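Each chain, letter by letter, is given below.
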Amino acid sequence: MALSDNTGERRIGAPFAAFALGSLRTLASVAVTMLGLLFVTFVIGRVMPIDPVLAIVGERASQSTYDAVYEQLGLDKPLIVQFLYYLGDVLRGDFGISTLNARPVAEDILRVFPATLELATLGVIMGVVLGVPLGVVAAVKRGSWVDQVARVVALVGYSMPIFWLGLIGLLIFYGILGWVGGPGRLDIFYVDIVPQVTGMILVDSALAGDWAVFRNAFSHLILPASLLGYYSLAYISRMTRSFMLEQLSAEYVTTARVKGMSEWDVVWRHAFRNIRVQLITVIALSYAGLLEGSVLTEIIFSWPGIGSYITTALLAADMNAVLGGTVVVGLVFILLNIFSDLLYKVFDPRAK
Amino acid sequence: MSDQTLRQWLLSDTPTSRRHARMAAFYKGWLSFRGNSMAMVGLGILVLLGLVALFAPLLAPYSPFDQDLANRLKPLGTEGHILGTDSLGRDTLSRLIYGSRITLYIVALVALIAPIAGLLIGTIAGYVGGWTDAVLMRITDIFLAFPRLVLALAFVAALGAGIENAVLAISLTAWPPYARIARAETLTIRSSDFISAIKLQGAGPLRIITKHIWPLCISSLIVRVTLDMAGIILAAAGLGFLGLGAQPPSPEWGAMISEGRRFILDHWWVATMPGLAIFTVSLAFNLLGDGLRDVLDPKDSGQ
């Protein structure tokens, strides 16, 4: 009895130790990657042709004011010390003060980020809901018209400039048909009615029970979200198709078919089950891609998210804001990557 | 040599020289590529684009910079301005034709810089191994972890707007996948027998990398480059659209969309035409890339 307990424990213990070690290794590599990310943004900030002191004191400041601010910013210290200062600031969540509006960059980012999150989340949901079934059917009925449609959808998605498609969408659905709300998150009439809880207007208005605001927000959100959804659909359906093809050619599928299992069960209960982990990885990556893809979309739709924030700051040469935004998007990107990596290791026994 | 015998010479099973074998392999690849009609369409569009760019001054009815305020925002099909005019009365067709030069220029430069940088880093990491490998690959991972467009934006912010800086920014974000591919190829090649044989003959690492490893990495890099071209075009157009790439009055397609954006509701064609041009060219690169992948790299053709 004792013996069998022992082996049972070992069976659970050994993979757990391996997992912990693997996690530790992942954590270390994450730390190095993040350090690298911060170093790159730091270097970008230092090679800027803009004088950060002049940006603060203005051109008519005296030499002594200039020198004081120069020292205050730590620019008289060696580069490596400056980097450590920067590192310390970022770790404390301090991205400096925006030269454009004199507010802390971190606060601004916190304010605009939910708008991007709302957009990207709805986009990825659309991509998954449509893309996964499309990919599965394209694989099962390979060479059929569904497969051809899926192929064209993906090809067009990979080739279309997103900002242009957004403009055309606005022209057709807002300008001509009037089916959706125009640029911005809400009509001016509905702004600031519901209390801000999450910063995502759909969620906030649902929490407040104000369905008029919800409908209006949705009519503004649907077009940019479909646009992003289309891009993730192109990627997700392509990947789903190739994962499914790999499974469907495996021997266990033939066995299941020979045993007389229904096609539905073969596809969804056998083959699809085995691609779920890979699929979640793909979805996480596509989510990360949407956060980035939202930069151009946000410009087109005057969406006050992080993409608009970075570009506005860029054109106004507000370097703290640009770097702060870049770091945040980079961090989210890395975290999503790691999340999908870990998921893979935990749930897919083949990856061990 | 007549056509028939040239064909037989190329398809011969027993090549008589190294050059013969190489040309025969190339010809067989071409034959299978030619059977892929979508890829041929892509190739056709790109050849056409090259010709348009080359003969732009002959083909364009007007100068891309000449303003004619009396004829601004003319619709499609206007006499003398088949694709209409923009807000300053410049002929859209002429601007598109000259814009093809800018697009090709950007694509060609990025397609040179990024894969060469990736090839260098990847082969060195793969061949030398050890600490060099660890450090180089960690740097590659850091760049890979960055969202590309945002990184390019930050680089352009630091370097200043302009075509050359846009090219540099896109290249800086595009090299890591090439480095990974080159490293993976190097790792498999480096332990093969023929490399040991060359080593015994006294070849140094430089000679092995440049003469024996690089040539074998080329084909997978070419496939990857072709598939990346569409992304490069879209990234360059995006930077142009944001006002960070080519500067006005340059007829860069992304910048043209940005100019037309203000009139999208009343004069839709101004922004639509350059968008169609971008779409056509990146679609052509995608089609060509798919076809090349089937010929050069049958193992991952996704079939």
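Residues numbered from 1 in each chain as written. Chains lettered and ligands numbered in written order. Predicted model: local features only at pLDDT ≥ 70, side-chain atom pairs only at ≥ 80, totals over all residues. Heavy atoms only, no water.

On to the environment of A:Thr116, then. Residue and element names in this part refer to chain A. When you line up the elements, threonine 116 lands in helix H5 (residues 105-140). With relative accessibility at 0%, the residue threonine 116 sits in the buried group. C-alpha separation for the pair threonine 116 and leucine 331, spaced 215 residues apart in sequence, amounts to 15 Å. Discounting chain neighbours no more than four positions away, the residues touching threonine 116 are Leu291, Ser294, Glu298, Trp303, Gly305, Ile306 and Gly307. (Helix = DSSP H or I, 4+ residues; strand = E, 2+ residues; numbered from the N terminus. Buried < 20%, exposed > 50% of the residue type's maximum accessible area, 1.4 Å probe, protein only. Contact = heavy atoms within 4.5 Å.)

This part is about the domain arrangement of chain A. All names here are of chain A. In terms of domains, chain A is made up of domain 1 (2-91) and domain 2 (105-351). A separation of 29 Å is found between the C-alpha centroids of domain 1 and domain 2. A buried area of about 1100 Å², summed over both sides, lies between domain 1 and domain 2, and 92% of it is on carbon and sulfur atoms. Across the domain 1-domain 2 interface, the total number found is 0 salt bridges. For the interface between domain 1 and domain 2, the tally reads 0 residue pairs in polar contact (both at pLDDT 80 or more). The dominant element in the side of domain 1 that touches domain 2, judged by the number of residues it contributes, is helix H1 (residues 2-47), at 10 residues. (Domains from an automatic or database assignment. Buried area = accessible area lost by both parts, 1.4 Å probe. Salt bridge = Lys/Arg side-chain N within 4 Å of Asp/Glu carboxyl O. Polar contact = N/O pair within 3.5 Å; in protein donor to acceptor, adjacent residues only side chain to side chain.)

A word on the packing of aromatic side chains. Residue and element names in this part refer to chain A. What the rule picks out here adds up to 12 aromatic pairs over all chains. Note on tryptophan 211 and phenylalanine 214: the rings are 5.2 Å apart at their centroids and 70° apart in plane angle, and the pair reads as edge-to-face. Here tryptophan 211 and its partner phenylalanine 214 are both found in helix H9 (residues 211-248), 3 residues apart, which amounts to about one turn of the helix. By relative accessible area, which is 25% here, phenylalanine 214 ends up partly exposed. (Phe/Tyr/Trp six-rings, centres within 6.5 Å; stacked < 30°, edge-to-face > 60°.)

Another aspect to go through is the confidence of the model for chain A. Averaged over all residues, the pLDDT of chain A is 83; the fraction at 70 or higher stands at 91%. In the predicted structure, residues 1-10 of chain A sits below a pLDDT of 50 and forms 1 contact with residues beyond four places in sequence or in another chain. (pLDDT = per-residue confidence, 0-100.)

All names here are of chain A. At a closest axis distance of 8 Å, the pairing of helix H8 (residues 201-208) and H9 adopts a crossing angle of 165°. In terms of axis orientation, H8 runs roughly antiparallel to H9. Seen from above, H8 lies across H9 with left-handed handedness. The residues of H9 that touch H8, namely those facing Ile201, Leu202, Ser205 and Ala206, are Trp211, Val213, Phe214, Ala217, Phe218 and Leu221. Classifying every residue of the contact of H8 with H9 by side-chain character gives 9 nonpolar, 1 polar and no charged. (Axes fitted to C-alpha atoms, helices over the stretch in contact; angles between N-to-C directions. Parallel < 35°, antiparallel > 145°, perpendicular 65-115°, else oblique. Left-handed = near helix turned anticlockwise from the far one by under 90°. Nonpolar A, V, L, I, M, F, W, Y, C, P; charged D, E, K, R; others polar.)

Compared with the 22 Å implied by 1.5 Å per residue over 16 residues, the 22 Å span of helix H6 (residues 130-145) of chain B between its first and last C-alpha is a close match. Among the residues of H6(B), B:Asp133, B:Met137, B:Thr140, B:Ile142, B:Phe143 and B:Ala145 are the ones counted as buried. (Expected span 1.5 Å × (residues − 1).)

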